[in-house]
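Here is how the chains run, residue by residue.
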Amino acid sequence: MDRRIAVIGMTCKFPNADGPGAFWRNLLDGKDSITRISGPDGVAARGLIDDPEWFDADYFGISPREARIINPQARLFLESALAAFEDAGQDPQRVSGVVGVYGGGGENAYAQLLKADRAERPSESAASAASDWEIRVANGPDFLCSRVAHRLGLTGPTMTVQAACATSLVAVHAAVQGLLTGDCDLALAGGVTVRLPSGVGGSDEVGIQAPDGVLRAFDAAASGLVGGDGVGIVVLKRFADALADGDRVDAVILGTAVNNDGADRMGFTAPGVAGQAAVIERAQQVAGVTPESCTYVETHGTGTRLGDPVEIAALTQAFRRDSASESGHDGDSGGDRGNPRLGYCGIGSVKTNVGHTDAAAGVAGLIKTVLALKHGVIPPSLHFTEPNPEIDFANSPFRVVARAEDWRPAGVPRRAGVSSFSVGGTNAHVVLEQPPAAEQPPAEAEPSETSSVRGPYVLPLSAKSAAALDAVTDRLAERLRAEPGTVLADVAWTLQTGRRELPYRRIAVVRDVADAVRVLAGEDPERLVTAPKMVWPSGGTAEVAGESGEDEESQGDPVAFGRRWLTGAAVDWAALHRGRRPRKVALPTYPFERRLFTVERPHRPHRPHRSATAAPPTAPATPTAPATPVAPPASAPAGEVTYDLIAKYFAEILDLPEVEPDESFFDLGGDSLIATRLVARIRETYPVELAPKELITAPTAEEFAALIEARLAPGHGRMP
């Protein structure tokens, strides 16, 4: 059985890095992204991400009221899940097979902030105040992954993992097992940490934070860790399936392992050499590789005086085992057992760049390592000048990579390990390898060199709003302008099959990359065709309908394909690619239109103001004020129920300024819990029998008002 797992996509948001591209540039540049504030008590430091409380609620059909209650960690994880799908070129609604979600989050105080805010607003109506149950569902870690499954329509395993600092790498292990056992065919795995209230403040209650705010992993001056916020998600698929489906493969997971230190350590919060060594040995055995073939390890590397020496002792023990007899591997060891090789394996710690991101720490190291495997460069580990005297690097296989290094090991593929260890003794290790060279797409190639089908190519674009559609168009133009060697047939295939099909649609039919840039930039406006909300204007010369469109499509006319797609019709895009094997490529992900949803706080830790030149990912809309709570009328005689009053109830319960007559309660972000509260609110005013499930058949304010009027009519039963 082929146990290899392909990493086919990823996304991340870490300090000063919104996405894998920015993250990789920062790593190569050796950028320290920690925010530090000096004060009378020393230096407060943390790795902060931009706008952790901003969220595109409209994209996911979530009402402003619910968005405000949902923990910012869960919101960020949800947006990141969609971005990960898009980076992998996978439409969650059209994925073949079952999709699983594995992940976990850190601990923050947002639920307590919500309850404190509620207590400070006793005049707020019962309808708009969040109940304890709503706060629990919106903030509980149990619902992190299931919320993703619900909003994106995924039906595979949804498993929230809680393993402290090892959470996200344990989630990767669980996802790998789910793929190997057939529980799922595609998996998202990762973690998120956003401390709230946000900022660099906070006391060091246990004495493990670096007093100067600098994390110096494995260095003689190491004095403690620095915290950080972030999120990372990888998209995983069985390697054979990824190759068959033409997916992009950035790296291959060969083996994973998880264990616990048990009692063999100084205390519950202390690390253990034996447990860490055992989990590394086990992962290498599962991978079927020798230690000597691994030439880089992304360590846990927290910069603590106890943790760093223990980790190197465990690594040395694992790498000095008799791997030839244990692994059964038949080749690439390269070393004399009596004369062990020294310093051949580089090590580093991403925590020196972004801080210790707790539940997201393991996936941060994994994404760094995947990018290093992909690009053939090991980024520098920062703040290392002199080895920790408690670590005997001179007699170990390891050296700290303090400067960026080309990664071209002789006679073996690039191969690496990633470690994540937690307070409580949970240990996780993953062994990865670069994808086979034959499976890597050419760095730069003209379409004519790789495709047996020439253009024109249909580039379908869609979004949730007209502004977002413009941003989608601009981002694609920028990407193609920056990468003129892109294989346009693969770009088209990724857009056609690897993106959600959203209401606002646009197409461009182009000949080559230069032509695509020109059309997308608006230089040939007649060839950039937009249809609002899946409605193709009638009477236009380019209208396609009925059998004529089908005939054109059957003949492989790209323009006909695009026009039919603009109408909302299903299109068999594969018919345009007969004669070639299309591949998925990395393209810009969705430009979320975020707004601020948060709890107002009179006191919050220090957070530096955004610089004048830095802006949110998209222009933020000022949150609208919720509708004024509706006072029930003294009486509501039959026949006098008005749409206006019911519409006000809808707006109040959904925390919206107003609703239109034909807007569905569920499209506006309502769900079963909110429906129950809405019906209870209406029954306080009107003496009629109503059930929440009746919103399914009468989901608009206009239809629900008509239902109530019918119930109030003479001869219809009322509540006693």
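These numbers come from a predicted model, not from an experiment. (Residues numbered from 1 in each chain as written. Predicted model: local features only at pLDDT ≥ 70, side-chain atom pairs only at ≥ 80, totals over all residues. Heavy atoms only, no water.)

A.B. asks: Tell me about the side chain of Asn388, residues and numbers included.
C.D. replies: For Asn388, the location among the structural elements is in the loop between β13 (377-378) and β14 (398-400). Only 2.8 Å separates the side chain of Asn388 from the backbone nitrogen of Glu390, close enough to count as a polar contact. In this view, Asn388 contacts Phe218, Asp219, Ala220 and Pro309; residues no more than four positions away in its chain are not counted. (Helix = DSSP H or I, 4+ residues; strand = E, 2+ residues; numbered from the N terminus. Polar contact = N/O pair within 3.5 Å; in protein donor to acceptor, adjacent residues only side chain to side chain. Contact = heavy atoms within 4.5 Å.)

A.B. asks: Talk me through the environment of Val491; I want residue IDs and the actual numbers.
C.D. replies: Within the fold, Val491 resides in helix α16 (residues 488-497). Remark: the alpha-carbon pair of Val491 and Lys584, spanning 93 residues in sequence, is separated by 7.3 Å.

A.B. asks: Tell me what's going on with the packing of helix α1 (residues 20-28) against helix α13 (residues 361-375), and back it up with residues and numbers.
C.D. replies: Packed helices, taken two at a time, are described by the angle their axes make and the gap between the axes. At a closest axis distance of 11 Å, the pairing of α1 and α13 adopts a crossing angle of 80°. As the angle between them shows, α1 and α13 are arranged roughly perpendicular. Contacts between α1 and α13 pair Pro20, Phe23, Trp24 and Leu27 from the former with Ala364, Ile367, Lys368, Leu371, Ala372 and His375 from the latter. For the contact of α1 with α13, a count of residues per class yields eight nonpolar, one polar and one charged. (Axes fitted to C-alpha atoms, helices over the stretch in contact; angles between N-to-C directions. Parallel < 35°, antiparallel > 145°, perpendicular 65-115°, else oblique. Nonpolar A, V, L, I, M, F, W, Y, C, P; charged D, E, K, R; others polar.)

A.B. asks: Explain empty space enclosed by the protein to me, and be specific about the residues and the numbers.
C.D. replies: Under the defined criterion, the tally for this structure stands at five cavities of 30 Å³ or more. Its volume calculated, the largest cavity comes out at about 230 Å³. Residue lining of the largest cavity: 21 residues in total, with Leu461, Ser462, Val472, Leu495 and Arg499 positioned closest to the centre. At the level of elements, β18 (457-463), α15 (466-482) and α16 are the ones that each hand at least two residues to the lining of the largest cavity. For the lining of the largest cavity, a count of residues per class yields 12 nonpolar, three polar and six charged. In this structure, the second largest cavity occupies an estimated 50 Å³ of space. Taken together, Glu298, Thr299, His300, Ser349, Val350, Lys351, Ala361, Gly362, Gly365, Val418, Ser419 and Ser420 make up the lining of the second largest cavity. Mapped by element, the contributors of at least two residues to the lining of the second largest cavity are α13 and β16 (415-421). For the lining of the second largest cavity, the residue count by class is three nonpolar, seven polar and two charged. (1 Å grid on protein atoms, 1.4 Å probe; cavity = no way out; pocket = protein on both sides within 12 Å on 5 of 7 lines; lining within 4 Å. Points joined across faces, edges and corners; volume = space filled by probe spheres on them.)

A.B. asks: Any details on the sheet that holds strand β20 (residues 528-531)? Residues and values, ideally.
C.D. replies: With antiparallel pairing, three strands are arranged side by side in an open sheet as β18-β19-β20. Looking at the sheet topology across the chains shown, the edges are occupied by β18 and β20. Each neighbouring strand pair of the sheet contributes to a mean axis angle of 20°, computed without reference to strand direction. Here seven bridges tie β18 to strand β19 (residues 504-510), and the two strands are oriented antiparallel to one another. (Pairing = 2+ DSSP bridges.)

A.B. asks: Before we move on, could you go through the pairing of strand β4 (residues 42-46) and cite the residues and values that matter?
C.D. replies: The pairing of strand β3 (residues 35-39) with β4 spans five bridges and is antiparallel. Directly across from Thr35, in β4, lies its bridge partner Arg46. Counted along the chain from β3 to the antiparallel partner β4, the turn is two residues long.

A.B. asks: So what about the packing of aromatic side chains? Which residues, and what values?
C.D. replies: Counting across every chain of the model gives 15 aromatic pairs. With a centroid separation of 5.9 Å and an interplanar angle of 65°, the aromatic rings of Tyr296 and Trp407 are classed as edge-to-face. Highlighted residues: Tyr296 in strand β11 (residues 296-298) and Trp407 in the loop between β15 (405-406) and β16, separated in sequence by 111 residues. Each of the two residues, Tyr296 as well as Trp407, counts as buried. Between the aromatic rings of Phe319 and Phe398, the centroid separation amounts to 5.0 Å while the plane-to-plane angle is 70°, which identifies the pairing as edge-to-face. Note that Phe319 is positioned in helix α10 (residues 307-319) and Phe398 in strand β14, a separation of 79 residues in sequence. In this pair, the class of Phe319 matches that of Phe398, namely buried. In this structure an aromatic cluster arises from ring pairing among Phe55, Tyr59, Phe60, Tyr590 and Phe592. (Phe/Tyr/Trp six-rings, centres within 6.5 Å; stacked < 30°, edge-to-face > 60°. Buried < 20%, exposed > 50% of the residue type's maximum accessible area, 1.4 Å probe, protein only.)

A.B. asks: How would you explain the nonpolar core if you had to name every residue and give the values?
C.D. replies: Phe319 and Leu459 are the most contacted members of the largest nonpolar core, which has 113 residues in total. Sorting elements by how many residues they give to this core places helix α3 (residues 72-87) first, with eight residues. Leaving out residues up to four positions away in the same chain, Phe319 has contacts with Ile280, Gln284, Pro291, Cys294, Val297, Tyr344, Cys345, Pro397 and Phe398. One finds Ala163, Val172, Val418 and Val430 within the second-largest nonpolar core, a separate group that totals 51 residues. (Core = buried A, V, L, I, M, F, W, Y, C linked by side-chain atoms within 4.5 Å.)

A.B. asks: Can you lay out helix α9 (residues 273-287) for me, pointing to particular residues and giving the numbers?
C.D. replies: Relative to the 21 Å expected for 15 residues at 1.5 Å per residue, α9 spans 21 Å between its end C-alpha atoms, a close match to the ideal helical length. Among all positions in α9, only Gly275, Gln276, Ala277, Val279, Ile280, Glu281, Ala283, Gln284 and Ala287 are buried. The inward-facing, buried residues of α9 abut β10 (251-260), α10, β16 and β17 (426-433). One or two positions beyond α9, positive phi appears at Gly288, with a value near 75°. (Expected span 1.5 Å × (residues − 1).)

A.B. asks: Tell me about the environment of Arg506, and name the residues and values.
C.D. replies: With respect to the element layout, Arg506 can be found in strand β19. Measuring from C-alpha to C-alpha, the distance between Arg506 and Asp470 comes to 9.4 Å, with 36 residues separating the pair along the chain. Discounting chain neighbours no more than four positions away, the residues touching Arg506 are Leu459, Pro460, Leu461, Leu469, Asp470, Thr473, Leu528, Val529, Thr530, Trp565 and Leu566. Side-chain polar atoms of Arg506 contact the side chain of Thr473, separated by 2.8 Å.

A.B. asks: Residue-level account of a negative patch on the surface, with values.
C.D. replies: A cluster of like negative charges, contributed by Glu658, Glu660, Asp662, Glu702 and Glu703, occupies part of the molecular surface. With respect to the element layout, Glu703 can be found in helix α23 (residues 701-712). Taking the relative accessible area as the measure of exposure, Glu703 reaches 37% and is therefore partly exposed. (Patch = residues over 30% accessible without salt bridge, like charges linked within 9 Å, V, L, I, M, F, W, Y side chains within 5 Å. Areas by Shrake-Rupley, 256 points an atom, 1.4 Å probe, with all protein chains shown as cover. Salt bridge = Lys/Arg side-chain N within 4 Å of Asp/Glu carboxyl O. Lys, Arg positive; Asp, Glu negative; His and termini not counted. Charge placed at Lys NZ, Arg CZ, Asp CG, Glu CD.)

A.B. asks: Talk me through the pattern of salt bridges; I want residue IDs and the actual numbers.
C.D. replies: Side-chain pairing between opposite charges can occur once the charged atoms of the two side chains come close. This model, assessed by the stated rule, comprises 28 salt bridges. Between Arg94 and Glu501 there is a salt bridge, with its nearest N and O atoms 3.9 Å apart. A residue pair is termed long-range when its members are at least 10 positions apart, and Arg94 in the loop between α3 and β6 (99-105) and Glu501 in the loop between α16 and β19 qualify at 407 residues. Judged by relative accessible area, Arg94 falls into the partly exposed class, the value being 35%. Residue Asp247 pairs with Lys237 through a salt bridge whose shortest N-O separation is 2.7 Å.

A.B. asks: Can you tell me about unusual backbone geometry, naming the residues and giving the values?
C.D. replies: Peptide bonds are mostly trans, and most non-glycine residues show a negative phi. Here Leu196 and Pro197 are connected by a cis peptide whose omega angle stands at 0°. A positive phi is found at Asn16, a non-glycine position, where the angle reads about 65°. Mapped onto the secondary structure, Asn16 falls in the loop between β1 (5-14) and β2 (17-18). Its relative accessible area of 43% is what places Asn16 among the partly exposed residues. Located in the positive-phi region is Asp51, a residue other than glycine, with phi close to 50°. Note on placement: Asp51 falls in the loop between β4 and β5 (54-55).

A.B. asks: Account for the confidence of the model for the chain, with residues named and values stated.
C.D. replies: Across the chain, pLDDT averages 85, with 83% of residues at or above 70. Within the model, the stretch residues 439-453 combines pLDDT values under 50 with 23 contacts to residues more than four positions away or in other chains. Across residues 534-550, confidence stays below pLDDT 50; counting only partners more than four residues off in sequence or on other chains, it has 25 contacts. (pLDDT = per-residue confidence, 0-100.)

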